[in-house]
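# Descriptive analysis of the structure
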Amino acid sequence: MGAIEIEFDPLPCKWCRRPLEQRRWWTPKRFCGHGHRAKYRATQVLALFAQLLG
Ligand SMILES: [Zn+2]
């Protein structure tokens, strides 16, 4: 009792599924790099357009 335990979830990159080392739990990394973040954003934007046009 009283012990503070902080568990770090090994979040994978949302693009390539590579497990990322989480050093800052207040800003969890979701992508292994800016390139994969950009690709993920691009696919989301394309999906949004597909919904609007569909
Ligand atoms: Zn990645």
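Below or above, wherever it landed, is the structure these notes cover. Along each chain, the written sequence defines residue order, and numbers are assigned to residues from 1. Predicted model: local features are reported for residues with pLDDT of at least 70 only, side-chain atom pairs are reported and counted for 80 or more only, and whole-chain, interface and lining totals are derived from all residues. Hydrogens and waters are ignored; side-chain quantities use all the structure's heavy atoms.

## Structural notes on the pattern of salt bridges
Within this document, salt bridges are pairs made up of a side-chain nitrogen of Lys or Arg and a carboxyl oxygen of Asp or Glu, the two lying within 4 Å of each other. Throughout the structure, instances matching the rule amount to one salt bridge. Between Glu21 and Arg23 there is a salt bridge, with its nearest N and O atoms 3.3 Å apart. Any residue under 20% of the maximum accessible area for its type is buried, any over 50% is exposed, and the rest in between are partly exposed; the area is computed with a 1.4 Å probe on protein chains only. By relative accessible area, Glu21 is classed as exposed at 54%.

## A closer look at unusual backbone geometry
Backbone phi values are negative for most residues with the exception of glycine, while trans is the configuration of most peptide bonds. Backbone geometry at Arg17 places phi at a positive 65°, although glycine is not the residue there. Counting through the fold element by element, Arg17 comes out in the segment before helix H1 (34–53). Helix and strand definitions here come from DSSP, where helices need a minimum of 4 consecutive H or I residues and strands a minimum of 2 consecutive E residues; each element is numbered from the N-terminal end.

Nothing here speaks to function; it is geometry throughout.
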